[in-house]
Amino acid sequence: MLMRHFPSPLGGALEMQTVTTARRLSSAWARSPGVALGRAAAAWRGEEAGAPDKTALRARLWADEAETSRANMFTLKTTGGIALSGKSAEERVQLDASALVIACRAPGARGATSPVQALLHEYSLSSHEGVTLLGLAEALLRINSAEGRSRLIADKLAAVRAGGNGVVGNGKAASWTAGHIGLEKPLVVNAAATALATGEAVVGARANLTSHLGMTIGTPFAELVLRLGEPAIRVVVTALMRKLGDEFVLGETIERAIRRGNADAVTHASTSPSLPRQMSFSFDMLGEAARTQKDADAYWESYAHAIKTVGASAALGSSGELKPGVSVKLSALDPRFEPSHRAALLGHVQPLGVAGVRGSLVDSVSQLAALAADAGVDLTIDAEEASRLELQLDIISAVSSKLSRSHPGWDGLGMAVQTYQRRASAVVDWLADVARRDSRKFKMRLVKGAYWDSEMKVAQGLGLPTFPVYTRKEATDVCYHACIAKVLHEHADAITPAFATHNARTLSVVAALARARGWSPLGQEGEGVPLDFEIQRLHGMGQDLHDAATGVGGCLAGVPVRIYAPVGNHDQLLAYLVRRLLENGANSSFVNALADKKVDVAQLVADPALVLEHVHNFTSHPKIAPPRELFSFDPVKNVKAHGLRKNSEGYELGYDITAMEKFAEGMAAVDFTAPRKTPATTPLAVLSAWRSVVPTSRAAALARGGSGAEIQ
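Calculation rules
- Residues numbered from 1 in each chain as written.
- Predicted model: local features only at pLDDT ≥ 70, side-chain atom pairs only at ≥ 80, totals over all residues.
- Heavy atoms only, no water.
- Axes fitted to C-alpha atoms, helices over the stretch in contact; angles between N-to-C directions.
- Helix = DSSP H or I, 4+ residues; strand = E, 2+ residues; numbered from the N terminus.
- Parallel < 35°, antiparallel > 145°, perpendicular 65-115°, else oblique.
- Contact = heavy atoms within 4.5 Å.
- Nonpolar A, V, L, I, M, F, W, Y, C, P; charged D, E, K, R; others polar.
- Buried < 20%, exposed > 50% of the residue type's maximum accessible area, 1.4 Å probe, protein only.
- Pairing = 2+ DSSP bridges.
- Phe/Tyr/Trp six-rings, centres within 6.5 Å; stacked < 30°, edge-to-face > 60°.
- Salt bridge = Lys/Arg side-chain N within 4 Å of Asp/Glu carboxyl O.

*Asks:* Please give an account of the packing of helix 14 (residues 293-312) against helix 18 (residues 361-375) that cites residues and values.
*Replies:* Orientation of helix 14 relative to helix 18, taken along the N-to-C sense of each, is 10 degrees, at an axis distance of 9 Å. Our classification of the angle between helix 14 and helix 18 gives roughly parallel. The residues of helix 18 that touch helix 14, namely those facing W300, Y303, A304, I307, K308 and G311, are S364, Q367, L368, L371, A372 and A375. For the contact of helix 14 with helix 18, the class distribution of residues is eight nonpolar, three polar and one charged.

Here it is as structure tokens:
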């Protein structure tokens, strides 16, 4: 069976520099792979004894999408489902959601006045100009030299003119000005369109102007005339891109972010003087996965500094009972955060290669959690890829177990759960069981997920049995609603939920399911049963929606709001900024549709469960090729195409832990010290023979090989 993306058992050994260490490691290689993997397999089974059973969770891994969607629908209808059953209940949900949409589209709303939101809506990602703007935003601020920035600007702005004759997503000719300038447009849109068009004219016409002016007054002077305009263009475009970044990042340092957050919290409280309102932040120190142990140590120090600084800021923790928080990524705390290194990450065996000074990953996270508990700060483990989900659950289970002894009674540990994963509902149940085991309540940030496209392509590239995520947005929405029902009705004793969403319908469902528990919005319907939950949004997004929902008369009036607030400088902003621009600029995004008044309110608040059941019959998306049919699928006709080969089957060992165990046991049985047989031929001889074959025969051989048996 073809194994892909499986890391070397050497771990971080390549970081070793000295000859002595290299020799020692070389000796270890001869004796350790099978043994180490054998220990890893034993560690999987050994740890399971102290953790809740994962049978239900694993059963959903490769389950059919229709099967899991039906199970989610059943949960939604039976777990607190009285809130969503019947015509009157649905009418209440749609009424609440419609009121939120109307409030967000009101003339005085921030979405209607925000310059950045107006710009992103004007240049959507279905247009050539929008794609160009995205390219500028993600790259310009990482270039330090003026010459480099000028060249990038010239390349990107001229690309719009070059693309004007081609076919673009919205069927219109590409232009910075056509359709983007007018009296009805916001000032920022008119100004930006004019600046971008002027820049395009200057940098795009360089060759023609130089040639024309050079014939009359000399080429050097003509070049000087053109270069006089470049600094101004560079300053304007750079400022525009920096503004885009500032819209979604709270501050370049944790200190600046706290100061800005304090000001935002005061403003939030003053918007409804008659209604007590709580707002806090979950600070995310920007950065992607650690590549070396040095990176991991730097991230740990960054997280520790943030926790101490946030804890010392009394202002952020003094608004009611809502404590501030810090979000951490496990992949940033260990360069080998991979299923094959699970035993070392959990501290069951010593890691090969460079070890962290703080011990295993469990030890590292536990130390951060202890700092957070002492500082009065919540600590949330951010979501990772689907292939690391089981490993992530094992880490948080081990950390929770340690904290139950060192900091009993602390309920600030949390985890983000992605509902676009088919295992989401089972993950919620499993985490609730861990919380009960350790006599604590988990914080749970419920999100829909931000890496759908990469999860799909990884599954197709590996030839997995099916996708680990839903192929339809409606299925993800139904799963989210089912998880809301679970945490509010089944697991209220073990989980304190935070519903992270910018969707009006989703907020209305939260309100409906909370009312089914006897809760009522503050100042409405009398005094209801207290219910511990909050809603969350990203900094720079969803403010109008959340203000309308939690303000006077809102369906979630008085519910605390937490802002997920990224912190970091512009060279760390890339991945996060691209995700936010995609979310704001994509036509399929609710955020984008909310700002587009041409989209009907009824369309925005429609019930996804009805669409999934009666329109799609719970089936997966017909135009997305299943992983094993990637090369034998016709997306136009939505059928398997005859005469084409199947995709090779592969394992990504992080998904299927039982496969990991079998592979480790097989490796443990191999004698790596046995002498290797001398190959019958050499690669050079094979290449020489291949070159002697005529091209047509080569093509036939490749075709036979591609459609034949899998690589063994």
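There is more to say, and it comes next.
*Asks:* Run through the pairing of strand 2 (residues 279-285), naming residues and quoting values.
*Replies:* Of all seven residues in strand 2, seven are buried; the element is thus mostly enclosed. Here strand 2 shows no split at all, with M279, F281, F283 and M285 on one side and S280, S282 and D284 on the other all buried. Relative to strand 9 (residues 561-567), strand 2 is paired through seven bridges, and the arrangement is parallel. Each bridged residue has a counterpart across the sheet, and for M285 the counterpart in strand 9 is V567. Relative to strand 3 (residues 325-328), strand 2 runs parallel, the two sharing three bridges. Looking at the pairing, D284 lines up with S327 of strand 3.

*Asks:* Mind laying out the packing of aromatic side chains, listing which residues take part and the relevant values?
*Replies:* How two aromatic rings sit relative to each other is set out by the distance from centre to centre and by the angle between their planes. Counted under the stated rule, the structure contains four aromatic pairs. Arranged with centres 5.6 Å apart and planes meeting at 50 degrees, the rings of W62 and Y655 form a pair that is tilted. With W62 in the loop between helix 3 (55-59) and helix 4 (65-78) and Y655 in the loop between strand 12 (650-651) and helix 29 (657-668), the pair connects residues that are 593 residues apart, well separated along the chain. With relative accessibility at 26%, the residue W62 sits in the partly exposed group. Residue class for Y655 comes out buried when judged on its relative accessible area of 1%. Each ring, one from F281 and one from F283, has its centre 5.7 Å from the other, and the planes form 20 degrees; the classification is stacked. A residue is classified by how much of its surface remains accessible, and F281, at 1% relative accessible area, is buried.

*Asks:* Explain the environment of R645 to me, and be specific about the residues and the numbers.
*Replies:* Secondary-structure assignment places R645 in the loop between strand 11 (639-640) and strand 12. Sequence spacing of R645 and S632 is 13 residues, and the spatial spacing of their C-alpha atoms is 5.7 Å.

*Asks:* So, the pattern of salt bridges: which residues are in play, and what are the values?
*Replies:* Going through the model one piece at a time under the given rule, you end up with 27 salt bridges. The partner of R342 in a salt bridge is D394, with the nearest N and O atoms 3.0 Å apart. Residue R342 is located in helix 17 (residues 342-345), and its partner D394 is located in helix 19 (residues 389-406); the two are separated by 52 residues in the primary sequence. Accessibility assignment for this pair places R342 and D394 in one class, buried. Residue K473 is joined to D477 by a salt bridge in which the shortest nitrogen-to-oxygen separation is 3.0 Å. Here D477 and K473 lie together in helix 22 (residues 473-490), a separation of four residues that amounts to about one turn. On the accessibility criterion, K473 (45% relative accessible area) is partly exposed. What makes D477 buried here is its relative accessible area of 8%. Bridged by salt links that share partners, the residues K54, R58, R342, E390 and D394 form one connected network.

*Asks:* I'd like a rundown of the sheet that holds strand 5 (residues 413-418), residues and numbers included.
*Replies:* One closed barrel holds the eight strands; their spatial order is 2-3-4-5-6-7-8-9, and the pairing between them is parallel. Averaged over all adjacent pairs, the angle separating strand axes in this sheet is 30 degrees, with direction ignored. Note: strand 7 (residues 495-500) against strand 8 (residues 534-538), three bridges, orientation parallel. Opposite A500, over in strand 8, you have Q536 as the bridge partner. Packing against the sheet, helix 22 makes contact with strand 6 (442-447) and strand 7, and its axis sits at approximately 150 degrees to strand 7.

*Asks:* I'd love a proper account of the pairing of strand 3, names of residues and values included.
*Replies:* Each regular strand shows side chains that alternate between the opposite faces of the sheet. Residue alternation in strand 3 divides its side chains into two sets, G325 and S327 and V326 and V328, and both sets are buried. In terms of strand pairing, strand 3 meets strand 4 (residues 378-381) through four bridges, oriented parallel. Paired with G325 across the bridge in strand 4 is D378.

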